[in-house]
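Given next are the chains, with one letter for each unit.
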Amino acid sequence: MSTIQDKVVIVMGASSGIGEATTKKLAQEGAKLVIAARREDRLKALVESLPNADISYAVADVTNKDEVQAIVDLAVEKYGHVDVLFNNAGIMPQGPLSEKRIDEWQQTLDINIMGVLNGIAAVLPIMKKQQSGQIVTTASEAGHVVFPGGAVYCGTKFAVRAIMEGLRQEERENNIRSTLISPGTVDTELHLTINDPERREWTENLQRAIGLQSSDVADAVAYAISTPETVNVSEIIILPTKKGF
Ligand SMILES: NC(=O)c1ccc[n+]([C@@H]2O[C@H](COP(=O)([O-])OP(=O)(O)OC[C@H]3O[C@@H](n4cnc5c(N)ncnc54)[C@H](OP(=O)(O)O)[C@@H]3O)[C@@H](O)[C@H]2O)c1
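Residues numbered from 1 in each chain as written. Predicted model: local features only at pLDDT ≥ 70, side-chain atom pairs only at ≥ 80, totals over all residues. Heavy atoms only, no water.

Enquirer: Quick one: what's the story with the overall build of the chain, residue by residue and with numbers?
Expert: A count of helical and extended segments in the chain gives seven helices and seven strands. Across the chain, helices and strands are ordered from the amino to the carboxyl terminus as β-α-β-α-β-α-β-α-β-α-β-α-α-β. In terms of overall dimensions, the chain is globule-like: its C-alpha atoms have a radius of gyration of 17 Å, near the 18 Å expected for 245 residues. Seen along its three principal axes, the alpha-carbon backbone of the chain occupies a region of about 50 × 40 × 35 Å. Considering the chain as a whole, with its 245 residues, one finds that 51% of them fall into the buried category. Sequence separation of at least 24 residues holds for 69% of the intrachain contacts in the chain that already meet a minimum separation of 6. (Helix = DSSP H or I, 4+ residues; strand = E, 2+ residues; numbered from the N terminus. Rg over C-alpha atoms; globule rule 2.2 N^0.38 Å. Buried < 20%, exposed > 50% of the residue type's maximum accessible area, 1.4 Å probe, protein only. Contact = heavy atoms within 4.5 Å.)

Next comes the structure, spelled out in structure tokens:
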């Protein structure tokens, strides 16, 4: 039987939205948490809001493999092992390919794909040694369908879906579980990563109007983590009732 109580969980991208809600949910359930993101003030405030939790934070940019490794090392130093890595950091710039937003494309690939790979690379050695562990990654509905203006973002989420399935097949013999969380629209700050003002406003309105709450997605993450070690919840697709695909 696998439960959340006392599990050592690392949350990357914990400073807002889904990562923040998942941190709160897992803290409530008695997990031991190490959380990271770039905005230190937000991480600090989150930790301070959970005075009864076993939780620490450190700043890390997921595009920097050494900073990601330092987060995993911090968890190992503190607790001796890692049960779960939640690769949740992501951005969602938008625009048709014809706009040639090449710097944005690079940043989206670096964060949404390399950030996930940096997490996997950092944590796999310890999980293989343990012969146990779970890597959970936030993909998206956009990992299943493509929409105009979202080609690059969708491409990163399709890539992450392939990577996580490859991980599942490669590491199942080592008792390492691979879980993809694929939400539809969620009411978070993600629209702030859209540089074009009109598209940003349109997306914010959609998020506010019909989006899931971050806590809905946190509940899905908690479920996947809580299942027995013999169960690999390989993907959860969670959509707002009024929209999706
Ligand atoms: N909201 C939606 O509709 C939706 C739907 C499907 C999937 N998702 C996915 O859900 C995940 C979380 O997004 P959210 O909706 O919760 O939005 P959010 O509130 O903007 O949260 C994004 C998180 O990622 C972190 N992050 C971004 N770039 C980072 C970097 N280079 N290094 C470390 N952390 C970084 C941010 O922290 P810092 O800025 O402090 O670094 C923040 O904690 C993303 O992967 C997103 O693609 C969202």
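Enquirer: Outline the site of the ligand, supporting the account with residue identities and numerical values.
Expert: Residues in close proximity to the ligand total 29 residues, the closest being S15, R38, Y153, V186 and T188. In this structure, an oxygen atom belonging to the ligand sits 3.2 Å away from a main-chain N or O atom of G13. Between the ligand and V62, the relevant distance is 2.9 Å, taken from a nitrogen atom to a main-chain nitrogen or oxygen of the residue. Protein chains shield 96% of the accessible area of the ligand, which is 880 Å² for the free molecule. Elements with a contribution of two residues or more to the shell around the ligand: α1 (17-28) and α5 (151-171). (Near = heavy atom within 4 Å. Polar contact = N/O pair within 3.5 Å; in protein donor to acceptor, adjacent residues only side chain to side chain. Areas by Shrake-Rupley, 256 points an atom, 1.4 Å probe, with all protein chains shown as cover.)

Enquirer: Give me the sheet that holds strand β3 (residues 54-59): which residues, what numbers.
Expert: Adjacent strands of a sheet form backbone hydrogen bonds with each other and so pair up, either parallel or antiparallel. Taken in spatial order, the seven strands make up an open sheet running β3-β2-β1-β4-β5-β6-β7, and their pairing is parallel. At either margin of the open sheet sits one strand with a lone partner, and together these are β3 and β7 (235-238). Going from strand to strand, the sheet's axes swing by 15 degrees on average, the running direction of each strand aside. Here four bridges tie strand β6 (residues 176-183) to β7, and the two strands are oriented parallel to one another. Of the residues in β7, the one forming a bridge with S182 is I237. (Pairing = 2+ DSSP bridges. Axes fitted to C-alpha atoms, helices over the stretch in contact; angles between N-to-C directions.)

Enquirer: I'd like a rundown of the pattern of salt bridges, residues and numbers included.
Expert: Under the criterion given, the structure shown has 16 salt bridges. In this structure, K25 and E29 form a salt bridge, with 3.3 Å as the shortest nitrogen-oxygen distance. Notably, a salt bridge pairs E171 with K128, separated by 3.7 Å at the nearest N-O pair. A residue pair is termed long-range when its members are at least 10 positions apart, and E171 in helix α5 and K128 in helix α4 (residues 102-130) qualify at 43 residues. (Salt bridge = Lys/Arg side-chain N within 4 Å of Asp/Glu carboxyl O.)

Enquirer: Tell me about the pairing of strand β5 (residues 133-138), and please be specific about residues and values.
Expert: Along any regular strand, the residues point their side chains to alternate faces of the sheet. Of all the six residues making up β5, six are buried; the element is thus mostly covered by neighbouring parts of the structure. Alternating residues of β5 divide into G133, I135 and T137 and Q134, V136 and T138, and every residue in both groups is buried. By the bridge criterion, four bridges tie strand β4 (residues 84-87) to β5 in an arrangement that is parallel. Considered in β5, the bridge of L85 is made with I135. In this fold, β4 hands off to α4, which returns the chain to β5; that crossover is right-handed. Summarising the sheet, β5 and β6 pair through six bridges and their orientation is parallel. Note on β6: the bridge partner recorded for I135 is S178. With α5 bridging β5 and its parallel neighbour β6, the resulting β-α-β unit is right-handed. (Right-handed = clockwise from strand over helix to strand, strands pointing away.)

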